[in-house]
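# Architecture at a glance
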Amino acid sequence: MEIGIVGLGRMGGNIARRLMRGGHEVSIFDKNPDAVTTLAGEGAKPAGSLQNLVAALKAPRALWVMLPSGTITEDTIRELAHYLSAEDTVIDGGNTFYKDDVRRAGELKPREIHYVDVGTSGGIWGLERGYCMMIGGEKAVVDRLDPIFATLAPGAGTIPKTQERHDRDPRVEHGYMHAGPVGAGHFVKMVHNGIEYGLMQAYAEGFHILQNRSADGLPEGHRYDLDLADIAEVWRRGSVITSWLLDLTSMALAEHGNLDNFTGYVEDSGEGRWTVEAAIEEAVPANVLSAALYERFHSRLERSFADRLLSAMRSKFGGHVEGRPPASDRS
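None of the values given here were measured: they were computed from a predicted structure.

### Observations concerning the overall build of the chain
Summing up its helical and strand segments, the chain has 14 helices and 8 strands in all. Taken over C-alpha atoms, the radius of gyration comes to 22 Å for the chain, in line with the 20 Å a tight globule of 331 residues would show. Considering only C-alpha atoms, the chain reaches an extent of 75 × 55 × 45 Å along its principal axes. When burial is assessed residue by residue, the chain has 48% of its 331 residues classed as buried. When contacts within the chain are restricted to residue pairs at least 6 apart in sequence, those whose partners lie at least 24 apart make up 69%. Surface exposure of the chain reaches about 16,500 Å², of which carbon and sulfur atoms provide 54%.

### Re the environment of Val234
The topology assignment puts Val234 in helix H10 (residues 228-235). By relative accessible area, which is 52% here, Val234 ends up exposed.

### Here's the deal with unusual backbone geometry
Cis geometry is adopted by the peptide bond preceding Pro60, which originates at Ala59 and carries an omega value of -5 degrees. Topologically, Pro60 is positioned in the loop between helix H3 (50-55) and strand S4 (62-65). Not every positive phi belongs to a glycine, and Glu112 is a case in point at roughly 60 degrees. By secondary structure assignment, the location of Glu112 is in the loop between helix H5 (98-108) and strand S6 (114-121).

### Quick word on the packing of helix H9 (residues 184-211) against H10
Remark: H9 packs on H10, axes separated minimally by 10 Å, with the N-to-C direction vectors making an angle of 135 degrees. Taken together, H9 and H10 sit at an angle that is classed as oblique. In this structure, H9 crosses over H10, and the sense of that crossing is right-handed. Note on element contacts: H10 touches H9 through Leu228, Ile231, Ala232 and Trp235, opposite Phe207, Leu210 and Gln211. Residues that form the contact of H9 with H10 fall into these classes: 6 nonpolar, 1 polar and no charged.

### What about the nonpolar core?
One finds Trp64, Val116, Met133 and Phe149 to be the most contacted residues of the largest nonpolar core, which totals 31 residues. Top contributing element to this core by residue count: helix H1 (residues 12-21), with 4 residues. Ignoring anything within four residues of it in the chain, the contact list for Val116 reads Thr89, Val90, Ile91, Asp92, Ile135, Gly136, Val141, Val142, Leu145 and Phe149. The next biggest cluster of nonpolar side chains, apart from the first, holds 24 residues, and it includes Ala204, Leu248, Val266 and Phe305.

### What about helix H14 (residues 305-318)?
For H14, which comprises 14 residues, the first-to-last C-alpha distance of 20 Å matches the rise-based estimate of 20 Å (1.5 Å per residue) to within 8%. Of all 14 residues that make up H14, 13 are buried, and the element is covered over most of its length. The backbone nitrogen of Ala306 lies 3.3 Å from a side-chain oxygen of the residue at the head of H14, namely Ser304. Trailing H14 by a residue or two, Gly319 shows a phi angle of about 65 degrees, which is positive.

### A few points about the environment of Val182
Structurally, Val182 is set in the loop between strand S8 (176-180) and H9. On the basis of relative accessibility, which here comes to 22%, the residue Val182 falls in the partly exposed class. Distance from Val182 to Asn193, taken between C-alpha atoms, is 19 Å for residues 11 residues apart in sequence. Beyond its immediate stretch of four places on either side in the chain, Val182 contacts Asp101, Val102, Ala105, Tyr115, Asp117, Gly136 and Gly137.

Analysis parameters
Residues numbered from 1 in each chain as written. Predicted model: local features only at pLDDT ≥ 70, side-chain atom pairs only at ≥ 80, totals over all residues. Heavy atoms only, no water. Helix = DSSP H or I, 4+ residues; strand = E, 2+ residues; numbered from the N terminus. Rg over C-alpha atoms; globule rule 2.2 N^0.38 Å. Buried < 20%, exposed > 50% of the residue type's maximum accessible area, 1.4 Å probe, protein only. Contact = heavy atoms within 4.5 Å. Areas by Shrake-Rupley, 256 points an atom, 1.4 Å probe, with all protein chains shown as cover. Axes fitted to C-alpha atoms, helices over the stretch in contact; angles between N-to-C directions. Parallel < 35°, antiparallel > 145°, perpendicular 65-115°, else oblique. Left-handed = near helix turned anticlockwise from the far one by under 90°. Nonpolar A, V, L, I, M, F, W, Y, C, P; charged D, E, K, R; others polar. Core = buried A, V, L, I, M, F, W, Y, C linked by side-chain atoms within 4.5 Å. Expected span 1.5 Å × (residues − 1). Polar contact = N/O pair within 3.5 Å; in protein donor to acceptor, adjacent residues only side chain to side chain.

See the structure below:
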C-alpha cells in the first residue's frame, strides 16, 4: 500500500522503516533534510515539501503525521488540508489531545477529507517489536487502511490467547484495535499513558525503598546493602509484577548502577494531565494516577533516586532526554 509520512523523528522514522520492510511504498517529508536523506537511502521516496509529498501519492491518499502534539501538528495538518482532495485521509499518530481530533475531523469533513487518530505505543523499540495501536475513525476508512496497521502491529507472537474471547475482533490479538469514532483512539492511548505514569511511579518508589535500606539512620541489624539490578532481574522471572517496564528498569540498573548519569528531572508529555482531567469530568477517583503526575511536578523541585529511575525508564522505552532544570536550580 502507498502512504506518505510526515515527521521522521524517533518513532516516525522507524514507522517508515517497518512499513518499507513490509513491502509498502513510503514517501516521506521532514523539515530536517538529514532525516529525509537517511531514509531515502533506505528506499523511501523523498519529498521537498508537503505539497510535493501529496503530489507524489495516488488518490485516495493516506498521510501519516508523526509529530509532537500541539502547534506543529496543528499547522502541518492545516497546510496538508490545502493540498488534499475528497476521500484522502489524514492519520495523526502522535499523542494528540482527543478533543483536538474531534475538532479537526469536523473541520475536514466539509471537504470530504477523512481523519483517523492512532494512539501509538512502542517507542524507540517499535521497529523490531511492532507498535500497539488504538485507532479512532470511520469504520470504512479504518478498514481500508488495515494493511498499514497490520504491518505496524506486533502480531500475535507467543502470548497465549485469552479464554472466552469468542466472536471478538481478532485484530486486538495482533496488537491493534478500532476503538471507536474519531478521538477514541487517542482517548484510549491517553489513559494508557496515565496508567504508565502510575506503574512507573510504583516501580520508582519501590526501588527507592530498597536503595535506602542501607541508610545510617536505621538500626545496624536492619540495614541491607541490596543489589537493585539483581532484584530487578529476579523479579522479571516468574514474579507477579513482571512487565516490559520492569525489563527496562533491570536494563537501566545493570547499565548505570546508582543512576548518577540522570538528574531525576522528570518531564510529562501531557497525557497524564489529560487523563486526570478526564477523571475529573467523569467524577472517577484516580488517586494513583494523580499522585504519579504530581510526583513528576515535584521532581522538578527536589530530585531523588526514585526520580532518577523514572528518568531512566523514560530514556529506555522512548529515548526521552531529561528536561533541564531552571538555571537558578543548577549547581
